[in-house]
Amino acid sequence: MRKRTPSEVIEFARDHKTAVVDLKFLDFPGTWQHFSVPIEALTEEAFDEGFGFDGSSIRGWRNINESDMLVIPDPNTAFMDPFTKEPTLSLVGDIFDPITRERYNRDPRGTALRAENYLKSTGIADAAVYGPEAEFFIFDDVRFEQKENMGYYYIDSQEGSWNTGREETPNLAYKPRYKEGYFPVPPTDSFQDLRSEMMLTLIELGCDVETQHHEVATAGQAEIDMKFDTLTRMGDKLMIYKYVIRNVARKHGKTVTFMAKPVFNDNGSGMHVHLSLWKGDKPLFSGNGYAGLSDVALHYIGGLLKHAPALLAFSNPTTNSYKRLVPGFEAPVNLAYSQRNRSAAIRIPMYSPSAKSKRIEFRCPDPTCNPYLTFAAMLMAGLDGIENRIDPGEPLDKNIYDLPPAELTKIPKTPASLADALSALENDHDFLLKGDVFTEDVVQTWIQYKKEREIVALAQRPHPYEFFLYFDA
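Note that the structure is predicted; figures quoted are calculated from it, not measured. (Residues numbered from 1 in each chain as written. Predicted model: local features only at pLDDT ≥ 70, side-chain atom pairs only at ≥ 80, totals over all residues. Heavy atoms only, no water.)

Peer 1: Give me the overall build of the protein: which residues, what numbers.
Peer 2: The secondary structure content of the protein amounts to 12 helices and 18 strands. A compact globule built from 473 residues should have a C-alpha radius of gyration of about 23 Å, and the protein, at 23 Å, falls within 12% of that. When its C-alpha atoms are laid out on the principal axes, the protein stretches across 65 × 60 × 50 Å. Here the protein holds 473 residues, and 55% of them are scored as buried. Taking contacts inside the protein between residues at least 6 apart in sequence as the whole, the part at least 24 apart equals 68%. For the protein, the computed accessible surface area is about 21,500 Å², with 52% contributed by carbon and sulfur atoms. On the protein, the mean spot of the 52 positive side-chain charges and the mean spot of the 68 negative ones are 3 Å from each other. (Helix = DSSP H or I, 4+ residues; strand = E, 2+ residues; numbered from the N terminus. Rg over C-alpha atoms; globule rule 2.2 N^0.38 Å. Buried < 20%, exposed > 50% of the residue type's maximum accessible area, 1.4 Å probe, protein only. Contact = heavy atoms within 4.5 Å. Areas by Shrake-Rupley, 256 points an atom, 1.4 Å probe, with all protein chains shown as cover. Lys, Arg positive; Asp, Glu negative; His and termini not counted. Charge placed at Lys NZ, Arg CZ, Asp CG, Glu CD.)

Peer 1: Lay out the nonpolar core with the relevant residues and their values.
Peer 2: Ranked by size, the top nonpolar core spans 119 residues in total, and within it Tyr130 and Leu277 carry the most contacts. When near neighbours in sequence (up to four residues on either side) are disregarded, Leu277 contacts Leu119, Ile124, Ala125, Ala127, Ala128, Lys282, Pro283, Leu284, Phe285, Tyr300, Leu379 and Ile386. Counting 6 residues, the second-largest nonpolar core is a separate cluster that includes Phe139, Ile155, Ala217 and Val263. (Core = buried A, V, L, I, M, F, W, Y, C linked by side-chain atoms within 4.5 Å.)

Peer 1: Report on helix α8 (residues 371-387), specifying residues and quantitative values.
Peer 2: Here α8 is 17 residues long and its end C-alpha atoms lie 24 Å apart, about the 24 Å a rise of 1.5 Å per residue gives. Within α8, 16 of the 17 residues are buried, leaving the element largely enclosed by the surrounding structure. At the N-terminal end of α8, a side-chain oxygen is found 3.2 Å from the backbone nitrogen of Tyr372, two or three residues along, and the residue is Asn370. (Expected span 1.5 Å × (residues − 1). Polar contact = N/O pair within 3.5 Å; in protein donor to acceptor, adjacent residues only side chain to side chain.)

Peer 1: Can you break down empty space enclosed by the protein residue by residue, with the values?
Peer 2: Across all of its chains, the model carries 1 cavity of 30 Å³ or more by this definition. Approximately 30 Å³ is the volume found for the largest cavity. Broken down by secondary-structure element, the contributors of at least two residues to the lining of the largest cavity are β1 (20-26) and β6 (88-96). Counted by class, the lining of the largest cavity contains 5 nonpolar, 1 polar and 2 charged residues. (1 Å grid on protein atoms, 1.4 Å probe; cavity = no way out; pocket = protein on both sides within 12 Å on 5 of 7 lines; lining within 4 Å. Points joined across faces, edges and corners; volume = space filled by probe spheres on them. Nonpolar A, V, L, I, M, F, W, Y, C, P; charged D, E, K, R; others polar.)

Peer 1: So, the packing of helix α3 (residues 108-122) against α8: which residues are in play, and what are the values?
Peer 2: Relative orientation of the contacting elements α3 and α8 amounts to 25°, with a least axis distance of 8 Å. Comparing their axes, α8 and α3 come out roughly parallel. Considering the relative orientation of α3 and α8, their crossing is left-handed. Where α3 abuts α8, its residues Pro108, Arg109, Thr111, Ala112, Ala115, Tyr118, Leu119 and Thr122 lie against Tyr372, Leu373, Ala376, Leu379, Met380, Leu383 and Glu387. (Axes fitted to C-alpha atoms, helices over the stretch in contact; angles between N-to-C directions. Parallel < 35°, antiparallel > 145°, perpendicular 65-115°, else oblique. Left-handed = near helix turned anticlockwise from the far one by under 90°.)

Peer 1: I'd like a description of the side chain of Asp27, backed by residues and values.
Peer 2: Assignment of secondary structure puts Asp27 in the loop between β1 and β2 (32-38). By relative accessible area, which is 0% here, Asp27 ends up buried. In this structure the side chain of Asp27 is engaged in a polar contact, spanning 2.9 Å, whose partner is the backbone nitrogen of Gly30. Excluding its chain neighbours within four sequence positions, the residues that come into contact with Asp27 are Gln33, Ile58, Arg59, Trp61, Pro108 and Asn370.

Peer 1: Quick rundown of the pairing of β6? Include the residues and the values.
Peer 2: Buried residues dominate β6, accounting for 9 of its 9 residues. Taking every second residue as pointing to the same face, both faces of β6 are buried, with Thr88, Ser90, Val92, Asp94 and Phe96 on one and Leu89, Leu91, Gly93 and Ile95 on the other. Where β1 lies against β6, 5 bridges are found, and the strand directions are parallel. Paired with Val21 across the strands is Leu89, a residue of β6. Judged from the 4 bridges that link them, strand β4 (residues 68-73) and β6 form a sheet pairing that is antiparallel. Note on β6: the bridge partner recorded for Pro73 is Gly93. The pairing of strand β5 (residues 79-80) with β6 spans 2 bridges and is classified as antiparallel. Looking at β6, one finds that Met80 is bridged to Leu89. (Pairing = 2+ DSSP bridges.)

Peer 1: Lay out the packing of helix α10 (residues 418-427) against helix α11 (residues 440-459) with the relevant residues and their values.
Peer 2: With their axes 10 Å apart at the nearest point, α10 and α11 run at an angle of 160° to one another. Comparing their axes, α11 and α10 come out roughly antiparallel. For the element pair α10 and α11, the recorded crossing hand is left-handed. Here Leu418, Ala419, Leu422, Leu425 and Glu426 of α10 lie close against α11, whose contacting residues are Val443, Gln444, Trp446, Ile447, Lys450, Lys451, Glu454 and Ile455. Its residues assigned to classes, the contact of α10 with α11 shows 8 nonpolar, 1 polar and 4 charged.

Peer 1: Before we move on, can you summarise the layout of surface pockets with the specific residues and values?
Peer 2: Vacant regions in the atomic arrangement are exposed by a probe of water-molecule size rolled over the atoms. Estimated volume of the largest pocket: approximately 2,200 Å³. What lines the largest pocket is a set of 50 residues, among which Tyr153, Met259, Thr319, Asn320 and Leu458 lie closest to the centre. Those elements giving two or more residues to the lining of the largest pocket turn out to be β8 (141-147), β9 (150-156), α5 (231-251), β13 (255-257), α11 and α12 (464-470). Considering every element that reaches the lining of the largest pocket, the biggest residue donor is α11, with 8 residues.

Peer 1: Tell me about the packing of aromatic side chains, residues and numbers included.
Peer 2: Any two aromatic rings considered together are summarised by their centre-to-centre distance and by the angle between their planes. With the rule as written, the count across this model stands at 20 aromatic pairs. Judged by centre distance (6.2 Å) and plane angle (45°), the rings of Phe53 and Trp61 are tilted. With a relative accessible area of 6%, Trp61 lands in the buried category. Aromatic pair Phe467 and Phe471: ring centres 6.4 Å apart, planes at 25°, arrangement stacked. According to the relative accessible area criterion, Phe467 is partly exposed, its value standing at 49%. We classify Phe471 as exposed; its relative accessible area is 67%. In this structure an aromatic cluster arises from ring pairing among Phe25, Phe35, Phe53, Trp61 and Tyr104. The ring of Phe12 carries the charged tip of Arg4 above its face, separated from the ring centre by 4.2 Å. (Phe/Tyr/Trp six-rings, centres within 6.5 Å; stacked < 30°, edge-to-face > 60°. Lys NZ or Arg CZ within 6 Å of the ring centre and 35° of its normal.)

The following block contains the structure:
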């Protein structure tokens with residue numbers, strides 16, 4: 001993805017014989033929405049005037065009595081959609097009120113842009129750089145249902161270790177065992193070609209990729225890592241990432257989920273986020289402190305750890321997210337920091353002595369999150385740490401999972417549920433409101449939406465395992 005002017009986008013569309021323009025934007029929870037217009041509607045004026053649509057049916061957005069909205073495309077997001085029959089130009093847009101011409105405060109991409117502007121206004125740094133590692137599962141068959149008299153889910157995968165004895169006419173074995181999917185070669189890793197196609201498609205669309213590989217879990221768990229980029233741009237790229245991976249999988253008769261814990265008793269899918277701050281060409285996280293970090297980096301860590309319970313309401317935003325954050329599955333359930341140690345919530349990678357490579361890795365998030373809100377919230381927590389010189393405490397350079405109980409109880413834990421994370425956010429969100437990056441309306445709408453649409457909805461429904469536990473009680 002490179003910078004383009006509106007006229008360059010129109011020329012780009014003409015060169016590719018574009019017939020359709022697809023306008024994409026994010027709903028409040030974090031899923032792409034879209035509508036399309038004929039190529040004739042894409043004029044230079046459209047990049048200022050935008051395209052009207054009904055915002056009342058978008059999740060978490062406006063009421064029907066104030067439904068008219070505008071999406072104004074960002075010319076820097078243009079790419080040709082590789083999955084459509086007709087030549088289609090894709091553009092990601094920002095949401096505006098058609099009367100006031102102000103950005104809509106519940107547009108997540110707008111929150112990310114405000115976070116970047118606030119960062120610059122502080123004078124601390126010019127850019128926040130992110131590199132997420134989003135994991136996902138590739139399945140062959142997924143079925144689920146919930147009615148008044150029934151509820152179930154069923155998943156299957158050609159790599160599922162539960163299928164070692166299934167009649168597959170013939171069953172050729174080579175199924176990854178539980179927790180042993182990292183890194184066997186084919187034929188045990190049966191998705192090498194599929195992941196490569198995903199990787200090459202991402203590169204074609206301007207999303208630079210560093211690596212692709214099988215992940216730890218059975219049942220086709222995978223990871224494709226993109227090269228770092230700035231906050232809003234990486235939010236754009238992560239949405240393209242999900243779009244590409246899902247559609248390449250579907251093209252081959254597979255399906256993908258970014259759920260944090262779809263498979264019981266195996267590792268879940270996280271999204272470790274590497275991040276750093278830069279001022280001009282100077283990396284601000286490099287210094288002479290612990291693990292080669294600067295005071296700026298250590299205070300940033302202090303802010304992340306202090307606000308982590310509230311942050312997880314955005315970075316781990318589903319009830320399923322907290323089925324991943326449990327001991328025994330390489331998940332960061334303890335709020336501590338360490339060099340190299342992957343059992344800590346924050347890790348300082350030590351691959352390279354280069355100052356430009358110095359960064360921290362926040363390991364709690366999972367890929368169900370809204371990336372714009374999550375990256376913005378992480379930045380605001382870190383800036384609060386820098387501005388208030390928050391001490392992160394002593395590092396923990398040992399395997400947290402092997403600590404004796406007396407020592408383990410002294411380490412702060414991640415919230416045990418989405419309800420706990422939302423309560424933490426309700427009690428700790430002033431740091432998000434600085435510079436009007438987040439608004440009180442956004443925070444409270446997020447809390448209420450999650451409580452009403454997810455927590456309460458789930459709590460009211462019988463769970464299949466409850467029949468196993470209680471039917472004969």
